[in-house]
Amino acid sequence: MAGLTTGGPNVDVSLLYEINGLARHAPDWADRAVSLLGDYGIPLAMVLMVLWCWRGLRRERQRSDEAGAAESLAALVWAPLAAGIALLANVPLRGLVGRPRPFLQHEGLEVVGGAVHGFGGAGFSFVSDHAAVVMALGVGIFMANRRLGLLGIGLAVVEGLCRVYMGVHYPTDVLGGLALGTAVVLVPAPVAMAVLGPLLRGRGRGVVARTVAVEVEAGEKDLAA
């Protein structure tokens, strides 16, 4: 498996040169923007999207106390857990495949964002951690909110393109990361939802009961006054 497109003419390498070649003609500020997005911006945006969706679902649940809101909350809890599992699963996968970074195998690549001296200069490239994590969060959000989830999945694709543009991943590294992130969320999802759903429903009932008790107590004090 170590021979996975590390040299020779093929579609993977051709796409790598075409996408990364854009960096050669781009201004410095564009390279810095892509590097910032690929390293930190998009992953941070996904975390904020999870928190935003969580906040909206909590408000909806307080108004209606619907069971569906609890299932959506469970999906949002599962999303970051699955992203962490994807990172852990990729550790042995990278060692098994043993694919060097593209800039170590091919001349003429434009390495963006100082990746040669950063984490991108060490280790292997298949699969892309960034693509796997962002895709896991996107699919998890999709389970809770279809519209935001589609946006998140789109951002995962953009994340992958950024990593190829930066010269630290082959296109197939990105596809592998997107597949890993999707599988880690969806395959164990029935078990995860079966465990997390009842926990969140029980917690929600406790919050509602305390809220009602406080309101009743306040009403009694008003009547007594």
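Every residue gets a number counted from 1 within its own chain, in the order that chain's sequence is written. Only residues with pLDDT of at least 70 get local features here, since the model is predicted, and only at 80 or more are side-chain atom pairs given and counted; chain-wide, interface and lining totals rely on the full set of residues. Side-chain metrics rest on all non-hydrogen atoms present in the structure, leaving aside hydrogens and water.

Caption draft 1: Main features of the overall build of the protein. A run of H or I in DSSP becomes a helix once it reaches four residues, and a run of E becomes a strand once it reaches two; helices and strands are each numbered from the N terminus. What the protein contains, in helices and strands, is 8 helices and 0 strands. Along the protein, helices and strands appear, N-terminal first, in the series α-α-α-α-α-α-α-α. We call two residues in contact when some of their heavy atoms are within 4.5 Å. Of the contacts formed within the protein by residues at least 6 apart in sequence, a portion of 81% connects residues at least 24 apart. Here the Shrake-Rupley method, with its probe set to 1.4 Å, supplies the accessible areas, and only the displayed protein chains count as covering residues. Of the roughly 11700 Å² of accessible surface on the protein, 68% is carried by carbon and sulfur atoms.

Caption draft 2: Fine view of a nonpolar patch on the surface. Patch construction takes residues with relative accessible area above 30% that form no salt bridge. Like charges are linked within 9 Å, and nonpolar side chains (Val, Leu, Ile, Met, Phe, Trp, Tyr) are linked within 5 Å. Any carboxyl oxygen of Asp or Glu within 4 Å of a side-chain nitrogen of Lys or Arg constitutes a salt bridge here. A grouping of L44, V47, L48 and L51 is seen on the molecular surface, where their side chains present a nonpolar patch of about 380 Å² in accessible area. For L44, the position within the fold is in helix α2 (residues 28-64).

Caption draft 3: Summary view of helix α1 (residues 11-25). What a helix is expected to span follows from its residue count: subtract one and scale by 1.5 Å. The end-to-end C-alpha distance of α1, which contains 15 residues, comes to 22 Å, matching closely the 21 Å that a straight helix rising 1.5 Å per residue would cover. Burial classes: relative accessible area under 20% of the type maximum marks a residue as buried, over 50% as exposed, and values in between as partly exposed (1.4 Å probe, protein chains only). Residues of α1 that are buried: D12, V13, L16, N20 and A23. Polar contact is the term for a pair of N or O atoms within 3.5 Å; when the atoms are in protein, one must be able to donate a hydrogen and the other to accept it, and sequence-neighboring residues count only if both atoms are side-chain atoms. With a side-chain oxygen lying 3.2 Å from the backbone nitrogen of D12, the N-terminal cap of α1 falls on N10.

Caption draft 4: Just the nonpolar core, in detail. Residues belong to a common nonpolar core when they are buried Ala, Val, Leu, Ile, Met, Phe, Trp, Tyr or Cys residues joined through side-chain atoms within 4.5 Å. M46, L76, W78, L137 and M193 are the most contacted members of the largest nonpolar core, which has 52 residues in total. In this structure, M193 is in contact with E71, A74, A75, W78, M143 and P198, ignoring residues within four places of it in sequence.

Caption draft 5: Structural context of the environment of N145. Note that N145 resides in the loop between α5 (129-144) and α6 (146-165). When its relative accessible area of 27% is taken as the criterion, N145 is described as partly exposed. Measuring from C-alpha to C-alpha, the distance between N145 and L73 comes to 10.0 Å, with 72 residues separating the pair along the chain.

Caption draft 6: Main features of the packing of aromatic side chains. Aromatic contacts are taken between Phe, Tyr and Trp rings whose centres are within 6.5 Å, Trp giving its six-membered ring; a plane angle under 30 degrees counts as stacked, one over 60 as edge-to-face, and the others as tilted. As enumerated under the stated definition, the model contains 0 aromatic pairs in all. We call a charge positioned above a ring when the Lys NZ or Arg CZ atom is no farther than 6 Å from the ring centre and deviates by at most 35 degrees from the ring normal. Positioned over the ring face of Y170 is R99, at 3.9 Å from the centre of the ring.

Caption draft 7: How the structure looks around the packing of α1 against α6. Whenever a helix is involved, its axis is fitted only over the stretch in contact; in every case the axis is a line through C-alpha atoms, and angles between N-to-C directions fall within 0 to 180 degrees. Between α1 and α6, the shortest axis-to-axis distance is 8 Å and the interhelical angle comes to 80 degrees. By the angle between their directions, the pair α1 and α6 is classed as roughly perpendicular. Contacts between α1 and α6 involve L16, I19, N20, L22 and A23 on the former and, on the latter, L161, V164 and Y165. Broken down by class, the residue content of the contact of α1 with α6 amounts to 7 nonpolar, 1 polar and no charged. Under this scheme an angle from 65 to 115 degrees is roughly perpendicular, one under 35 degrees roughly parallel, and one over 145 degrees roughly antiparallel; angles in between are oblique. Think of it as three bins: nonpolar holds Ala, Val, Leu, Ile, Met, Phe, Trp, Tyr, Cys and Pro, charged holds Asp, Glu, Lys and Arg, and polar takes everything else, Gly as well.

Caption draft 8: Examining the pattern of salt bridges more closely. Going through the model one piece at a time under the given rule, you end up with 5 salt bridges. Between D12 and R99 there is a salt bridge, and its shortest N-O distance comes to 2.7 Å. Remark: R99 occurs in the loop between α3 (67-97) and α4 (102-105) and D12 occurs in helix α1; sequence separation between them is 87 residues. Assessed through its relative accessible area of 0%, R99 is described here as buried. A single salt-bridge network, built from bridges that share partners, covers D12, R99 and D173.

Caption draft 9: Just the side chain of D39, in detail. On the secondary structure map, D39 appears in helix α2. At a separation of 2.8 Å, a polar atom in the side chain of D39 contacts the side chain of R163.

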